[in-house]
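# Observations on the model geometry
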Amino acid sequence: MFTGVQWNIAGVTEVNNDTIDRRSVLGQSLAFAAAIALAKDLMRPGQALAQAAPAGGVASAPSFSAETVKGIAKTLAETDYVKPSIALPEPFNKLGYDQYRDIRFRADQAIWHGEKIDFELQLFPMGWLYEMPVEMWLVDGGEARQLVADGKLFALGPLVGKGPDAAPFGFS
C-alpha cells in the first residue's frame, strides 16, 4: 500500500493512506510533466531546467521540488502563450494514418518497464494529425530528466521506411 500525496501548483494539498490507483498516478504524472514542458523555455537565464540530452537518453536537470513548480506556474502566468512546434523532416511531415500507426513505441523501453508496479507508460510520436510536440519529463528523487524521442524508443515499420536515428523527433 502506498501513501497518497496530492499536488497542486501551491504544493502538497492532501496526504492520505489510501491506495493509489493507476489512473491517478498517470494523470498526476502527466499533468506534472506537462507543466514542466511548457515552462522549459520560459525560465529565467541561469535557471534553465533542461540541458541538451544525448541521443536516446535523458537530460539531467538541477534539483526539482514543489517550489520549482510554483516558479514555473508564476512564469507561465506572466507570459503570453506560444504554441510549440517542430519542423518535421520527410516522411514524418506527411504521414498518413497507416504510416503513423506503423510507428510503435518499443515495449522494452517503456517508462517503469520491469519496475514491478503493475503498469508502464508507452508514448506516442509526432506525426499525422499530432503536430504539436510535448516534452516529457520524469522526476525521480528530486531530479527532473527530459526524455528524448528517437529511434531507440520507437520502431519504424515498413510503411514508414528507414528513418534517421533521431526519428521520430518528438512526442505528441
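Refer to the preceding data block for the structure.
These remarks concern the structure in this document. (Residues numbered from 1 in each chain as written. Predicted model: local features only at pLDDT ≥ 70, side-chain atom pairs only at ≥ 80, totals over all residues. Heavy atoms only, no water.)

Here the focus is the overall build of the protein chain. In terms of helices and strands, the protein chain carries three helices and seven strands. Sequence-ordered secondary structure for the protein chain, helices as α and strands as β, is β-β-α-β-α-α-β-β-β-β. Per-residue burial for the protein chain yields a buried fraction of 30% across its 172 residues. Counting only contacts in the protein chain whose residues sit at least 6 apart along the sequence, the fraction spanning at least 24 positions is 64%. Element-wise, carbon and sulfur atoms account for 54% of the exposed surface of the protein chain, whose accessible area totals about 10,900 Å². (Helix = DSSP H or I, 4+ residues; strand = E, 2+ residues; numbered from the N terminus. Buried < 20%, exposed > 50% of the residue type's maximum accessible area, 1.4 Å probe, protein only. Contact = heavy atoms within 4.5 Å. Areas by Shrake-Rupley, 256 points an atom, 1.4 Å probe, with all protein chains shown as cover.)

Summed over all chains, the structure comprises eight aromatic pairs. Consider the rings of W128 and Y130, whose centres lie 6.0 Å apart with planes at 65 degrees: the pair is edge-to-face. For Y130, a relative accessible area of 38% translates into the label partly exposed. Among the aromatic residues, ring-to-ring pairing joins Y97, Y100, W128 and Y130 into one connected group. (Phe/Tyr/Trp six-rings, centres within 6.5 Å; stacked < 30°, edge-to-face > 60°.)

Glancing now at a nonpolar patch on the surface. A contiguous nonpolar patch, built from Y97, W128, L129 and Y130 and spanning about 420 Å² of accessible area, is present on the exposed surface. Locating Y97 in the fold gives a position in helix 3 (residues 97–101). In this structure Y97 comes out as partly exposed when scored by relative accessible area, which is 43%. (Patch = residues over 30% accessible without salt bridge, like charges linked within 9 Å, V, L, I, M, F, W, Y side chains within 5 Å. Salt bridge = Lys/Arg side-chain N within 4 Å of Asp/Glu carboxyl O.)

Moving on, we get to the pattern of salt bridges. Applying the stated criterion across every chain, the model contains four salt bridges. With its nearest N and O atoms 2.7 Å apart, the salt bridge here joins K74 to E78. With a shortest N-O distance of 3.3 Å, K94 and E90 are connected by a salt bridge. Like K94, the residue E90 is exposed in the burial classification.

Here we come to the pairing of strand 6 (residues 143–147). As paired strands, strand 5 (residues 136–140) and strand 6 are joined by five bridges and run antiparallel to one another. The residue of strand 6 that forms the bridge with M136 is L147. Linking strand 5 back to strand 6 in an antiparallel pair, the connection comprises two residues, with G141 at a positive phi of about 60 degrees. (Pairing = 2+ DSSP bridges.)

Looking now at the nonpolar core. Counting 20 residues, the largest nonpolar core has F92, I103, F105, L123, L147, F154 and F171 as the members making the most contacts within it. Elements with a minimum of two residues in this core: strand 4 (103–105) and strand 5. Those residues within four positions of I103 in sequence are excluded, and the remaining contacts are F92, L95, P125, F154, A155, L156 and V160. (Core = buried A, V, L, I, M, F, W, Y, C linked by side-chain atoms within 4.5 Å.)

What follows covers unusual backbone geometry. Cis rather than trans, the peptide bond between E90 and P91 has omega equal to 0 degrees. Within the secondary structure, P91 sits in the loop between helix 2 (66–77) and helix 3. Positive phi, normally seen in glycine, also occurs at W112, with a value near 70 degrees. Mapped onto the secondary structure, W112 falls in the loop between strand 4 and strand 5. Residue classification places W112 among the partly exposed positions, given a relative accessible area of 27%.

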